[in-house]
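Spelled out from the first residue to the last, the chains are:
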Amino acid sequence: MEIRTKAPNLDALRYAAPMLAAPTPALLDALAARLGPHGFSRDPHELEPYLTDWRGRYHGKAAALLSPANRDEVVAIVKACADAKVAIVPQGGNTGMVGGATPDATGGAVVLSLKRMRAVRTIDVAADLAICEAGVVLADLHAKAEDLGRRFPLSLGAKGSATIGGLCSTNAGGVQVLRFGTMRSLVHGVEAVLPDGSLFEDLQPLKKDNRGYSISQLLIGAEGTLGVITAASLRLYPKIGARTVAWIGLASPENALILLRHLERKLPERIESFELVPKSALDLVLQHIPNVQAPLAQPHPWNVLVEATVPDGSPAPDVASALEDALDLIEDAAIAANETQAEGMWRIRESISEAEKKDGPAAKHDISVPVSAMPGFVVRGAADIEKRFPGTRVNAFGHLGDGNIHFNVRAPVGAPKDWVDTSSHPITEHVHDLVTQAGGSISAEHGIGQMKRDELARLSDPARMHALRAIKTALDPHGIMNPGKLL
Ligand code: FAD
Ligand code: 2HG
Ligand code: ZN
């Protein structure tokens, strides 16, 4: 395959967005009347948190914040904006990593927040199905499912804010993909308002349905560029009976991957999380997050957090015995003796992004390569980057078992706050070139947003770009849905 590392003309590869209009006072008045005081705001203080992304890298403006209470109001908003050719930026919990939910700086768009649509419409225990509105927060779904002896097996550090709509729209992954897959495998179908204001309904849990293209799957991972997801039907699983959580110190990511395969053989169908944590990430958490303790007495260059589970009625998974058979692979290990210790280990893993953010700027790369190639990629890639770009420090952590690592490059000590915007482009291009040469992806789970738009155009083969553009143009001819994102 030809690897394009320098784009001849990015504009030719990019989607040419149609001209959009700023909302007129008459349109804003009509929306205010339709949505009422809880659903419409132009108050700068109320708008402010919706105009910056979680990492604080992107800042935009908006003509209004629209917070519909139900899908009929979403239909009314989209119809009105489609008629007036006004841009809509859908937003859930605003925890996305690529600036996908932040409007641009023109102030011509409206932000459409799904936060008020937070009803769990139904949980059908017999069918193992939950139908949730888009604004349901992931942790709330976890709690509701658990009360009924079920669980929704997708979790991530932002679970206290991330919404079902945002998780669908980014095809989020997280820490259980190893066993259960990403949102694409956990969603039966979605209900969504398409860019012309029509309502698409696909919430029935049909085992078989071959009515042409899967529109639901197209909307999953579309990052709000093809419509507004208003609800989703989600697969549930039986509640966990018991879990064993372990923290293991190792010499290398190679040993970590060999250990994963060993544990999978010893404990078939039991390992659901296997997260790689380098010393750099643990140090960041210990430095910036209060009340955290290192699980092992001595530091290790690499660590993994393992979680093994069993269904109700079975004894806890015997991770200790499985580790005893692999002593040559590991340097040290601690098995959580109780839920408090288990939660403590998870807290370290889930706080890495927060600690890295507190520490300073970092060029973030959410990459995947074939699983077997990832250990070598991490070690060689980090050495290469730190040599080429003196002073930078690679913090490579995450979902090793999925071949997905967050290959984040921290700025040199003392770099200015806007280092990522001013100086990190050559680093990002280099990392993405290495990933492309390894047959990987420059976005494993966070999406493209506004962060990786140019890189997607630079590195994708023309067939992919053509198909993406054609779909966008067909479904959203006026280009009102989340302009400037993805394409
Ligand atoms: P937002 O950030 O509000 O939006 C994300 C995108 O979806 C935007 O493009 C937006 O326009 C669009 N969107 C939102 N709602 C809708 C809707 N109803 N209809 C159409 N489009 C919509 N991601 C992972 O995959 N795995 C992880 O392990 C992980 N860990 C994280 C840890 C932390 C601490 C943080 C802050 C983020 C993490 N993420 C992770 C990022 C992840 O993408 C988000 O947490 C989540 O998927 C986004 O949900 P949200 O509701 O916050 O969406
Ligand atoms: C995680 O796995 C998230 O913790 C965030 O996907 C990764 O901050 C990051 O780069
Ligand atoms: Zn991740």
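Refer to the structure printed above.
Criteria and thresholds
- Residues numbered from 1 in each chain as written.
- Chains lettered and ligands numbered in written order.
- Predicted model: local features only at pLDDT ≥ 70, side-chain atom pairs only at ≥ 80, totals over all residues.
- Heavy atoms only, no water.
- Donors = N, O, S within 2.8 Å, 3.2 Å for Na, K, Ca; no water.
- Helix = DSSP H or I, 4+ residues; strand = E, 2+ residues; numbered from the N terminus.
- Buried < 20%, exposed > 50% of the residue type's maximum accessible area, 1.4 Å probe, protein only.
- Near = heavy atom within 4 Å.
- Polar contact = N/O pair within 3.5 Å; in protein donor to acceptor, adjacent residues only side chain to side chain.
- Areas by Shrake-Rupley, 256 points an atom, 1.4 Å probe, with all protein chains shown as cover.
- Nonpolar A, V, L, I, M, F, W, Y, C, P; charged D, E, K, R; others polar.
- Pairing = 2+ DSSP bridges.
- Phe/Tyr/Trp six-rings, centres within 6.5 Å; stacked < 30°, edge-to-face > 60°.
- Patch = residues over 30% accessible without salt bridge, like charges linked within 9 Å, V, L, I, M, F, W, Y side chains within 5 Å.
- Salt bridge = Lys/Arg side-chain N within 4 Å of Asp/Glu carboxyl O.
- Core = buried A, V, L, I, M, F, W, Y, C linked by side-chain atoms within 4.5 Å.
- Contact = heavy atoms within 4.5 Å.

The subject of this paragraph is the coordination of the zinc ion (ligand 3). Donor atoms from the polypeptide that bind the zinc ion (ligand 3) are His399 (NE2), His406 (NE2) and Glu445 (OE), placed at 1.8 to 2.1 Å. Spacing between the donor residues of the zinc ion (ligand 3) along their common chain follows H-x6-H-x38-E. Here histidine 406 is found in strand E19 (residues 404-410), whereas its partner glutamate 445 is found in the loop between helix H17 (425-437) and helix H18 (453-459), with 39 residues between them in sequence. Judged by its relative accessible area of 10%, glutamate 445 falls in the buried class.

Surrounding ligand 2, one finds Met97, Arg349, Ser353, Lys364, Phe397, His399, His406, Asn408, Glu445 and His446. Serine 353 places a side-chain nitrogen or oxygen 2.6 Å from an oxygen atom of ligand 2. The contact in question runs from an oxygen atom of ligand 2 to an N or O atom on the side chain of histidine 399, over 3.0 Å. In the complex, 87% of the free accessible area of ligand 2, which totals 300 Å², lies under the protein chains. Elements with a contribution of two residues or more to the shell around ligand 2: strand E18 (393-399) and E19. Residues belonging to the shell around ligand 2 are distributed by class as follows: 2 nonpolar, 5 polar and 3 charged.

Here the focus is the sheet that holds strand E3 (residues 88-91). The strand order across the open sheet formed by 4 strands is E1-E2-E4-E3, and the pairing between neighbours is mixed. At either margin of the open sheet sits one strand with a lone partner, and together these are strand E1 (40-41) and E3.

Turning to the packing of aromatic side chains, a few remarks are in order. Within a pair of aromatic rings, the relevant descriptors are the distance that separates the centres and the angle that separates the planes. Under the defined criterion, the tally for this structure stands at 2 aromatic pairs. Taking 4.9 Å as the distance between ring centres and 65° as the angle between the ring planes, the aromatic pair formed by phenylalanine 180 and tyrosine 237 counts as edge-to-face. Remark: tyrosine 237 occurs in strand E11 (residues 237-238) and phenylalanine 180 occurs in helix H7 (residues 177-180); sequence separation between them is 57 residues. For phenylalanine 180, a relative accessible area of 10% corresponds to the buried category.

A contiguous nonpolar patch, built from Leu218, Ile471 and Leu475 and spanning about 190 Å² of accessible area, is present on the exposed surface. By secondary structure assignment, the location of isoleucine 471 is in helix H19 (residues 462-475). The partly exposed category is assigned to isoleucine 471, whose relative accessible area is 32%.

Note: most peptide bonds trans; most residues except glycine with negative phi. Notably, lysine 85 is not glycine yet its phi reads approximately 55°, a positive angle. Looking at the element boundaries, lysine 85 is found in the loop between helix H4 (71-84) and E3. Even without a glycine there, the phi angle at asparagine 482 is positive, about 45°. If you trace the backbone, asparagine 482 turns up in the segment after H19. Residue class for asparagine 482 comes out buried when judged on its relative accessible area of 2%.

On to the nonpolar core, then. Counting 43 residues, the largest nonpolar core has Ile248, Leu259, Phe274, Val304 and Phe407 as its most contacted members. Discounting chain neighbours no more than four positions away, the residues touching valine 304 are Ala246, Trp247, Ile248, Leu250, Ala256, Leu259, Phe274, Glu275 and Leu276. Of all hydrophobic cores here, the second largest spans 30 residues; its members include Val136, Ala172, Leu186 and Ala232.

Within the secondary structure layout, lysine 159 lies in the loop between strand E7 (150-151) and helix H6 (164-169). Setting aside residues up to four positions removed in sequence, lysine 159 forms contacts with Val137, Leu138, Ala139, His142 and Glu350. In terms of polar contacts, lysine 159 uses its side chain to reach the side chain of glutamate 350, at 2.8 Å.

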